[in-house]
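Fold and geometry: a report
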Amino acid sequence: LEHTSPSSLGDYLTCPFTYYLKKTFGDSVDDRAEELDPARFGQLCHGALENWSKGALRDSEDADAIAAELAAHVDGLLGRRFGTSVPAIVALQGESAKRRLAHFAAEQVRRHAEGWRIVATERDLTVKYGHTAVHGRCDRIDFNAEKGEWCVIDYKTWDSPDKAEGSLQLPLYCSMLDADLGFAEAKRDRIISVYCLIGKNRETTFYGEPANGATVPEAETRVKELIGRIERGIFWPPSPTREWQWDFKDWIRGAPEDCVAKRWVDDQIHRAEGLSPS
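Residues numbered from 1 in each chain as written. Predicted model: local features only at pLDDT ≥ 70, side-chain atom pairs only at ≥ 80, totals over all residues. Heavy atoms only, no water.

**What about the overall build of the chain?**
Scanning the chain from N- to C-terminus turns up 9 helices and 7 strands. By the compact-globule yardstick of 19 Å for 278 residues, the chain fits well, its C-alpha radius of gyration being 21 Å. A principal-axis box enclosing the C-alpha atoms of the chain has dimensions of 65 × 50 × 30 Å. Looking at the chain as a whole, 43% of its 278 residues qualify as buried. Sequence separation of at least 24 residues holds for 70% of the intrachain contacts in the chain that already meet a minimum separation of 6. A total accessible area of about 14700 Å² is found for the chain, and carbon and sulfur atoms account for 50% of it. (Helix = DSSP H or I, 4+ residues; strand = E, 2+ residues; numbered from the N terminus. Rg over C-alpha atoms; globule rule 2.2 N^0.38 Å. Buried < 20%, exposed > 50% of the residue type's maximum accessible area, 1.4 Å probe, protein only. Contact = heavy atoms within 4.5 Å. Areas by Shrake-Rupley, 256 points an atom, 1.4 Å probe, with all protein chains shown as cover.)

Take a look at the structure:
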């Protein structure tokens, strides 16, 4: 495994079987769909946030002005994607995105008052473990001069912070920023990383619990274990959360073990036991 990403490793951690299917067959994408799936809805919000964070209002203390600019970016992104004929359901989704981003604007003003300032957006970061390079693109990097701390931020359009449990992404971002020569002053013990949740309401829109440099060694050990399992071709068993159903429900009727050749499953078990592939 020459290269991977925190999100890809997260996919493997969530469900090795779904990871294998996606790597083999790709994600399920329907360009004809007249509705934004969760991934594309998230991309819409991310795009608006990226455009705002590169503009004149990135350090604004006016929540209404930030919300208005974010709403304009949503309209612009939808216009470029659909032209003048935005499907009705997508238009409604656009309004939903604007409401979420208005909640974010209020939270951003609070964060600004705490001394955090945006210093980079869409930054490519890399850290290497043996022969495997882990590449990631963080949504945003903040610096707090009073605290002398750096913060790597990743936006998520989740409705609950529960999805962050067990995440490797945040500690890896700390390691990546520590390794970035462009941020030589950012040392691991002064770096934190955090998810910014863009929820449906004010209560579910907030900056979550941060990870810091102290969490990195444990995450790095786990990453090396996952890389080893991927290189040995271990993609079984599936997660009980049935992650595969989001992209491959039309292929799998019932449970995966009912639709996959027993010989393949037996080989997977041998691999997991450390035996040579049959």
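**Some thoughts on the packing of aromatic side chains**
Applying the stated rule across the entire model yields 15 aromatic pairs. Judged by centre distance (5.9 Å) and plane angle (85°), the ring pair of Trp-236 and Trp-264 falls under edge-to-face. With Trp-236 in the loop between α7 (216-231) and α8 (245-248) and Trp-264 in helix α9 (residues 262-272), the pair connects residues that are 28 residues apart, well separated along the chain. Owing to a relative accessible area of 12%, Trp-236 belongs among the buried residues under this scheme. Assessed through its relative accessible area of 22%, Trp-264 is described here as partly exposed. Among the aromatic residues, those joined into a cluster by ring pairs are Tyr-12, Phe-17, Tyr-19, Tyr-20, Phe-235, Trp-236 and Trp-264. Directly above the ring of Phe-82 sits Arg-81, whose terminal nitrogen or CZ lies 4.5 Å from the centroid. In this arrangement the basic side chain of Arg-111 is found over the ring face of Tyr-207, its NZ or CZ atom lying 4.4 Å from the centre. (Phe/Tyr/Trp six-rings, centres within 6.5 Å; stacked < 30°, edge-to-face > 60°. Lys NZ or Arg CZ within 6 Å of the ring centre and 35° of its normal.)

**Quick notes on the pattern of salt bridges**
A full pass over the atoms with the stated rule returns 17 salt bridges. Here Arg-110 makes a salt bridge to Glu-114, at a shortest N to O gap of 2.3 Å. With relative accessibility at 35%, the residue Glu-114 sits in the partly exposed group. Among the charged side chains, a network of salt bridges with common partners joins Glu-107, Arg-110, Glu-114 and Arg-202. (Salt bridge = Lys/Arg side-chain N within 4 Å of Asp/Glu carboxyl O.)

**Details of the pairing of strand β4 (residues 149-156)**
Remark: a regular strand shows side chains that alternate across the two faces of the sheet. Counting buried positions along β4 yields 7 of 8 residues, so the element is predominantly enclosed. Judged from the 5 bridges that link them, strand β3 (residues 132-144) and β4 form a sheet pairing that is antiparallel. Bridging across to β4, Asn-144 finds its partner in Glu-149. In textbook terms, the turn of a hairpin is the stretch between consecutive antiparallel strands, and for β3 and β4 this stretch comprises 4 residues, one of which, Gly-148, has a positive phi near 70°. Here 7 bridges tie β4 to strand β5 (residues 191-197), and the two strands are oriented parallel to one another. When the sheet's bridge partners are listed, Trp-150 is paired in β5 with Ile-191. (Pairing = 2+ DSSP bridges.)

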